[in-house]
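Descriptive structure summary
In case you want the letters, here they are:
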Amino acid sequence: MAEILTGKTIWNEASKAGLALGGLSVGCTLLTGLMAHMGDSTMVKFFISVFGFIIWVAKFGGCIWLMAYFMKKLVAGYEDVTNHDTYILGVESALLSALIVAGYTLASTMLVSPETYKETFEIALSQYSGMIDSNSREALDSMIDNMPVIMFVSNLIYCFIYGWVLSGILSRNIPSSNPFERQTPTQAE
């Protein structure tokens, strides 16, 4: 016999889903980052970029599959689960996953490789230095110090919106509904 679904159980299931989704994203990001330090030859860079694209596709597809898996698991484990319940599970999972991914980005930016981000920013500024006036250059230089916070907030927003949209798309068909099924008066209420 399946359990009755409550708000607390949705948060419990969402925490598991968010941990899995965030773990997958962070793991793929770590793998891509480690591959970037493998070599400098043209052939190695080509294989790294191809493998990086494969990892990105696996992460993208894996997140979709995991979200659907946890929604279907909710339907199988609890009775009277509606499309709204799976949507709420998806949104809460997206929020928790976004916090994990954004937290990893913040830690990576501030603690693990802050010099990498500063070097990348400096290279980008040097390439566009002829097109930027001195005031804009000063504003961009001051932005380097705020880059960890900017990256945290932007990753948090991006990951949450991605998960929110994904949960909206997936929850329409989980649980499956038959539009031609005849409803009794108690089902219609």
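Residues numbered from 1 in each chain as written. Predicted model: local features only at pLDDT ≥ 70, side-chain atom pairs only at ≥ 80, totals over all residues. Heavy atoms only, no water.

1. Examining the environment of Leu 140
Its place among the elements puts Leu 140 in helix α5 (residues 134-143). Residue Leu 140 is classed as partly exposed on the basis of its relative accessible area, which comes to 24%. Remark: the alpha-carbon pair of Leu 140 and Leu 30, spanning 110 residues in sequence, is separated by 28 Å. For Leu 140, the contacting residues outside a window of four places in its chain are Phe 121, Leu 125 and Ile 132. (Helix = DSSP H or I, 4+ residues; strand = E, 2+ residues; numbered from the N terminus. Buried < 20%, exposed > 50% of the residue type's maximum accessible area, 1.4 Å probe, protein only. Contact = heavy atoms within 4.5 Å.)

2. Quick look at the nonpolar core
If you look at the biggest cluster of nonpolar residues, it comprises 18 residues, and the most contacted ones within it are Leu 5, Met 67, Met 71, Leu 74, Leu 89 and Leu 170. Contributions of two or more residues to this core are made by α1 (7-35), α2 (42-77) and α6 (147-171). At seven residues, the largest contribution of residues to this core is made by α2. Ignoring any residue separated from it by four or fewer positions in sequence, one finds Leu 170 in contact with Ile 64, Met 67, Ala 68 and Met 71. In terms of nonpolar packing, the next biggest core, distinct from the first, is built from five residues, Phe 121, Ile 144, Met 147 and Met 151 among them. (Core = buried A, V, L, I, M, F, W, Y, C linked by side-chain atoms within 4.5 Å.)

3. Let's talk about unusual backbone geometry
Excluding glycine, residues mostly carry a negative phi; peptide bonds, for their part, are mostly trans. In this structure, Asp 80 takes a positive phi of about 60° despite not being glycine. With respect to the element layout, Asp 80 can be found in the loop between β2 (78-79) and α3 (83-112).

4. Some details on the packing of α3 against α6
For any two helices packed against each other, the geometry comes down to the angle between their axes and how far apart the axes lie. Relative orientation of the contacting elements α3 and α6 amounts to 160°, with a least axis distance of 7 Å. The angle between α3 and α6 places the two elements in the roughly antiparallel class. As for how α3 packs across α6, the hand of that crossing is right-handed. Here the contact of α3 with α6 is built from residues that sort into 18 nonpolar, eleven polar and no charged. (Axes fitted to C-alpha atoms, helices over the stretch in contact; angles between N-to-C directions. Parallel < 35°, antiparallel > 145°, perpendicular 65-115°, else oblique. Left-handed = near helix turned anticlockwise from the far one by under 90°. Nonpolar A, V, L, I, M, F, W, Y, C, P; charged D, E, K, R; others polar.)

5. Focus on the layout of surface pockets
Regions of empty space are outlined by a rolling probe, equal in size to a water molecule, passed over the atoms. By volume, the largest pocket amounts to about 870 Å³. Along the walls of the largest pocket sit 31 residues, with Ser 25, Thr 29, Lys 59, Tyr 104 and Thr 105 positioned nearest its centre. Going through the elements one at a time, α1, α2, α3, α4 (114-127) and α6 are the ones with two or more residues in the lining of the largest pocket. Counting residues per element, the lining of the largest pocket draws most heavily on α3, at eight residues. (1 Å grid on protein atoms, 1.4 Å probe; cavity = no way out; pocket = protein on both sides within 12 Å on 5 of 7 lines; lining within 4 Å. Points joined across faces, edges and corners; volume = space filled by probe spheres on them.)

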